[in-house]
Amino acid sequence: MAAVGPPQQQVRMAHQQVWTALEVALRVPCLYIIDAIFNSYYDSSQSRFCIVLQIFLRLLGIFASSIVLILSQRSLFKFYMYSSACLLAATSVLVNYYVSLHIDFYGAYNTSAFGIELLPRKGPSLWMALIVLQLTFGIGYITLLQIHSIYSQLIILDLLVPVIGLITELPLHIRKTLVFTSSLILILNTVLVLAVKLKWFYYSTRYVYLLVRHMYRIYGLQLLMEDTWKRIRFPDILRVFWLTRITAQATVLMYILRMANETESFFVSWDDFWDLICNLIISGCDSTLTVLGMSAVISSIAHYLGLGILAFIGSTEEDDRRLGFVAPVLFFILALQTGLSGLRPEERLIRLSRNMCLLLTAVLHFIHGMTDPVLMSLSASHVSSFRRHFPVLFVSACLFILPILLSYVLWHHYALNTWLFAVTAFCVELCLKVIVSLTVYTLFMIDGYYNVLWEKLDDYVYYVRSTGNIIEFIFGVVMFGNGAYTMMFESGSKIRACMMCLHAYFNIYLQAKNGWKTFMNRRTAVKKINSLPEIKGSRLQEIDDVCAICYHEFTTSARITPCHHYFHALCLRKWLYIQDTCPMCHQKVYIEDDIKDNTNVSNNNGFIAPNENPNLEEAVREDAAESDRELNDDDSTDCDEDVQTERNGGIQHTGAAAEELVNDDTD
């Protein structure tokens, strides 16, 4: 039995995937209907009643298509079963009408498209084909409507009655009566069956309504929309809709090209192929739904690109898997901001290419945010394997070279404008980020190579990071000015104004606030460390112990806290970025009044070294009091993220590039 389990599970999974794919395929026609309604036009010269009637029918079609789109899987399958049954009934009626009244069985030819005669002139062969066709329609009709009584046989007989009239060569008016009677009976039966099913439809609709109302009251509108989005697999529906639409258009255009060139070959020239691609791209973003479909396709490409890069560099961070979400959202916002679907075809192609350049720079910024933590982690942990370092360094080199190539190509083909200025600024900013990351990486690798305590390392890292952050802040201010110029003089819009406000808040105000806060925290810690007494020289030899933070010996000096514990000044400073307590006993490091009356200094293991300075306690008390009066006590509880994550290989925040890019899209 154990050997049967895995195959059964695979069969079950395959069965589930087939039903999922079928469900997605059945929801796609709803998007085609909605897209056709949105893209349709009406004549404004008509009467007011006709215009109102057209608007009402469009709204009704959009509402009905939306309802079918969000149906549950079971209800969706039943809806298509009943719709297919009605379609088969209508087809059967039309076939009976056409064959009975418009075809001469004894004089007609039944030939294929290649001129080959499939059936003889005589009528019996056509009668047999018609009987088989009507039997197929009837069996499919009663199967889809699940009719299992004697009425199913009567329905099939009803469909065959007009054929019997043909075989017996009844007069034309009698054949018309038979076709009309057969059609009327079939329509009445369909209405009766659907009326019986109406009770199920009512209870199903009522259940869905109560469920939606219950979820809305408990979880809110946002979670309700997220649940519906995931339940119906809307991104997959958008992808299938966009890809099938593009495929159908490509097929039609290829047929037109073949007819225009009068050739039977499937191969076209390069110029025709390029025109075909341009036409497909232009028609692939001519409405809001098609822009959403293109965004869904971009989401898949970006998702697998992000997974490939993560696997290549060896990262396991879950937050770095958001590229498949960031890229389509950014593309859609850019499309709305520039009015992509409402532009003329030639302008739409140019605007789309510019948006894709901006999107490419944003993706490169996000990839840098994925590689930078891995680079810092490898250097800070002193990993010596070149095979482990090479993928990250290779990706970093590509992130440095690709923006330069992109800027060169754009400057070679386009004149300077606000859009080109924005793309170039993002490329330069990315190159500077890569240089900062590689510089910090080099500093950590040098520190690991010498394998000694480098007390100035964190200072150098802080200076490099601060320089990069200052340059990034300057770029943010410049991009805000560029976006303001574009909004006022080139193409202003409400969405652009909102994006500029978000950019000013997140990428300028918050970045400046956090940078100043980091600077003050560092300044506070340095001042408080300098206020603590320091032990040097021969006194260090009397204390046979290591620093309780880094577990390294004291080689040059040590700082003593008021609770008589001692640490490296660098280690204690990094600790004070997090909290203002002693790492050993969790007492306040800076006390104004309550320093114990003790003339000796104890080490971390309890060893007491004689105090050579009788005024040590008074000096500690005065320095601590002065420091606490000058600085805010709350600053000592904040964390300098840049310096703290360097030694621990943490993740640096890199999400600001996408927000900057949305605001700085220009014409």
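For the structure given in this document, a descriptive report is provided here. (Residues numbered from 1 in each chain as written. Predicted model: local features only at pLDDT ≥ 70, side-chain atom pairs only at ≥ 80, totals over all residues. Heavy atoms only, no water.)

1. Considering the sheet that holds strand β4 (residues 557–560)
Turning to step 1, where the next piece is worked out: Pairing in this open sheet of three strands is antiparallel, and the strands run β3-β4-β5 from one edge to the other. Unpaired on one side and paired on the other, β3 (534–536) and β5 (566–567) mark the two borders of the sheet.
Turning to step 2, where the next piece is worked out: Note: β4 against β5, two bridges, orientation antiparallel. The residue bridging I560 from the neighbouring strand is Y566, located in β5. (Pairing = 2+ DSSP bridges. Helix = DSSP H or I, 4+ residues; strand = E, 2+ residues; numbered from the N terminus.)

2. A short note on unusual backbone geometry
In most cases, non-glycine residues show a negative phi, while peptide bonds are predominantly trans.
Turning to step 1, where the next piece is worked out: In this structure, Q146 takes a positive phi of about 60° despite not being glycine.
Turning to step 2, where the next piece is worked out: Structurally, Q146 can be placed in the loop between α4 (123–144) and α5 (151–167).
Turning to step 3, where the next piece is worked out: For Q146, a relative accessible area of 42% gives the class partly exposed. (Buried < 20%, exposed > 50% of the residue type's maximum accessible area, 1.4 Å probe, protein only.)

3. Details of the state of the cysteines
Turning to step 1, where the next piece is worked out: Tallied over the entire structure, the rule returns zero disulfides.
Turning to step 2, where the next piece is worked out: This cysteine, C563, is not joined by any disulfide, and C585 carries the nearest cysteine sulfur, 3.4 Å off. (Disulfide = S-S within 2.5 Å.)

4. Looking at the side chain of T424
Turning to step 1, where the next piece is worked out: As for its position among the elements, T424 is in helix α13 (residues 418–450).
Turning to step 2, where the next piece is worked out: On the basis of relative accessibility, which here comes to 17%, the residue T424 falls in the buried class.

5. Overview of the pairing of β4
Turning to step 1, where the next piece is worked out: Taking every second residue as pointing to the same face, both faces of β4 are buried, with S557 and R559 on one and A558 and I560 on the other.
Turning to step 2, where the next piece is worked out: By the bridge criterion, three bridges tie β3 to β4 in an arrangement that is antiparallel. Residue pairing in the sheet places I535 in a bridge with A558 of β4.
Turning to step 3, where the next piece is worked out: As consecutive antiparallel partners, β4 and β5 are separated by five residues, and within that stretch H564 has a phi angle of approximately 65°, a positive value.

6. Topic: a nonpolar patch on the surface
Turning to step 1, where the next piece is worked out: There is a patch of nonpolar side chains on the surface, built from F49, L53, F56, L57, L60, F63, I67 and I70 and spanning about 820 Å² of accessible area.
Turning to step 2, where the next piece is worked out: Turning to its location among the elements, L60 is positioned in helix α2 (residues 48–69). (Patch = residues over 30% accessible without salt bridge, like charges linked within 9 Å, V, L, I, M, F, W, Y side chains within 5 Å. Areas by Shrake-Rupley, 256 points an atom, 1.4 Å probe, with all protein chains shown as cover. Salt bridge = Lys/Arg side-chain N within 4 Å of Asp/Glu carboxyl O.)

7. Focus on the nonpolar core
Turning to step 1, where the next piece is worked out: Core analysis: the biggest nonpolar cluster contains 55 residues, and M294, F331, L359, I367, L410, W419 and V423 have the highest contact counts within it.
Turning to step 2, where the next piece is worked out: Counting only elements with at least two residues in this core, the list comes to α7 (234–261), α8 (270–283), α9 (288–313), α10 (323–338), α11 (345–380), α12 (386–413), α13 and α14 (457–489).
Turning to step 3, where the next piece is worked out: For this core, the element with the highest residue contribution is α11, accounting for 14 residues.
Turning to step 4, where the next piece is worked out: When residues no more than four places from it in sequence are discounted, the contact partners of I367 are I309, V395 and L399.
Turning to step 5, where the next piece is worked out: I529, C547, Y566 and V589 belong to the second-largest nonpolar core, a separate cluster that totals 19 residues. (Core = buried A, V, L, I, M, F, W, Y, C linked by side-chain atoms within 4.5 Å. Contact = heavy atoms within 4.5 Å.)

8. Some words on the pattern of salt bridges
Side-chain pairs of opposite charge can arise whenever the charged atoms involved come near each other.
Turning to step 1, where the next piece is worked out: In the structure shown here, the tally under the stated rule is ten salt bridges.
Turning to step 2, where the next piece is worked out: For D286, the salt bridge identified is with R245, shortest N-O distance 3.2 Å. In this pair, D286 sits in the loop between α8 and α9 while R245 sits in helix α7, placing the two residues 41 residues apart along the sequence.
Turning to step 3, where the next piece is worked out: With a relative accessible area of 23%, D286 lands in the partly exposed category.
Turning to step 4, where the next piece is worked out: Residue classification places R245 among the buried residues on the basis of a relative accessible area of 11%.

9. Structural notes on the packing of α11 against α12
Turning to step 1, where the next piece is worked out: For the pair α11 and α12, the least separation of the axes is 10 Å and the interaxial angle reads 155°. Put simply, α11 runs roughly antiparallel to α12. Both α11 and α12 take part in a crossing whose hand is left-handed. Together, C357, L360, T361, L364, I367, H368, T371, V374, L375 and L378 of α11 and R388, H389, V392, L393, V395, S396, L399, L402, P403, L406 and L410 of α12 make up the contact between the two elements.
Turning to step 2, where the next piece is worked out: Looking at the contact of α11 with α12 residue by residue, the classes come out as 15 nonpolar, five polar and one charged. (Axes fitted to C-alpha atoms, helices over the stretch in contact; angles between N-to-C directions. Parallel < 35°, antiparallel > 145°, perpendicular 65-115°, else oblique. Left-handed = near helix turned anticlockwise from the far one by under 90°. Nonpolar A, V, L, I, M, F, W, Y, C, P; charged D, E, K, R; others polar.)

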